[in-house]
Amino acid sequence: MSSFKGFRVKRLMIYAFTLILISGSAYILGWSSVLTVQAVSITGTSSQTEILRKLEADSLEFGVGSKIARIETRAIKRSIGNLTWIDEAKVSRDWFSRQIQINVVEKVAVAKAITTDSGLVNFDSLGQMFEPISASQQAIQEKLPLVITQGSDKAQLASVATLLAQMPTDMSELIANLKSITVANSGFIQMQTKIGERSIQINWGTAQDINQKIEILNALLKLPENKRINRVDLSQPELPIVS
């Protein structure tokens, strides 16, 4: 009988110790000043203020002295990822150094457009539109080729985004050497660019059947008799015209 009581006491002590350990750990992690943020690192952009402003707007602000266990890294990553000028965000928490590290990759523009209300819009190589915010994004604006629209901004800029988004990597030279893009009222997209040292103007027609048009363009450029062409009209892909 005494041995049974001893077993019960021992088991209760184990339960009590476990409860104290869990409670103590929870206190240290969530409430104690033992595990607080000692440093915050934001890399990949010079516009750190914009990052912090976004986090504050989303009620995710934190800093040195914040309880490290309460930092919502996933929510922070999601918040920063919603910034249109950011391409990628990574957020990590180091329990040993008690540091929160935020690393971002900014979007890189390949073209720009001036909207009817004098706003500035950039396009990345995937056709995503964003407003240039960071110093590095602002610094290249004068060098970017201009997208010229002649009608409804929203629809015509969207058509350019569609074209850029469907451009395959093996045709990246067209984007890298881009000089300008013009969208007519008809919706036809004219691209002025270079292939090697040769300037070429491509009339894509509307932003439809882009994959088919790219295949036709590839085939046309491979023909020996087209080595010196500087104009390609793909507005009717079944009847392409070169000159």
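Provided above is the structure to which this section pertains.
What this report covers is the structure whose coordinates are included nearby. (Residues numbered from 1 in each chain as written. Predicted model: local features only at pLDDT ≥ 70, side-chain atom pairs only at ≥ 80, totals over all residues. Heavy atoms only, no water.)

Attention now goes to the overall build of the protein chain. Helix and strand content of the protein chain: seven helices and 12 strands. The buried share of the protein chain, reckoned over its 243 residues, is 35%. In the protein chain, of all internal contacts separated by at least 6 residues, the share reaching a separation of at least 24 is 52%. For the protein chain, the exposed area adds up to about 14500 Å²; of that, 55% sits on carbon and sulfur atoms. (Helix = DSSP H or I, 4+ residues; strand = E, 2+ residues; numbered from the N terminus. Buried < 20%, exposed > 50% of the residue type's maximum accessible area, 1.4 Å probe, protein only. Contact = heavy atoms within 4.5 Å. Areas by Shrake-Rupley, 256 points an atom, 1.4 Å probe, with all protein chains shown as cover.)

Within the secondary structure, K213 sits in helix α7 (residues 210–222). The spatial distance from the C-alpha of K213 to the C-alpha of L234 is 6.3 Å, given a sequence separation of 21 residues. Residues in contact with K213, not counting those within four places in the same chain, are W204, G205, T206, Q208, L234 and P237.

Now for the sheet that holds strand β1 (residues 39–43). Spatially, the three strands line up as an open sheet ordered β1-β3-β2, and their pairing is mixed. The sheet is open, and its two borders are formed by β1 and β2 (86–94), each paired with just one other strand. Adjacent strand axes in the sheet meet at a mean angle of 10° when their direction is disregarded. In this sheet, strand β3 (residues 99–106) lies alongside β2 in antiparallel orientation, the contact comprising eight bridges. Residue pairing in the sheet places S92 in a bridge with Q101 of β3. Contacting β1, β2 and β3, helix α2 (residues 48–57) crosses the sheet at an angle of about 120° to β1. Docked against the sheet, helix α3 (residues 73–81) engages β2 and β3, running at close to 160° with respect to β2. (Pairing = 2+ DSSP bridges. Axes fitted to C-alpha atoms, helices over the stretch in contact; angles between N-to-C directions.)

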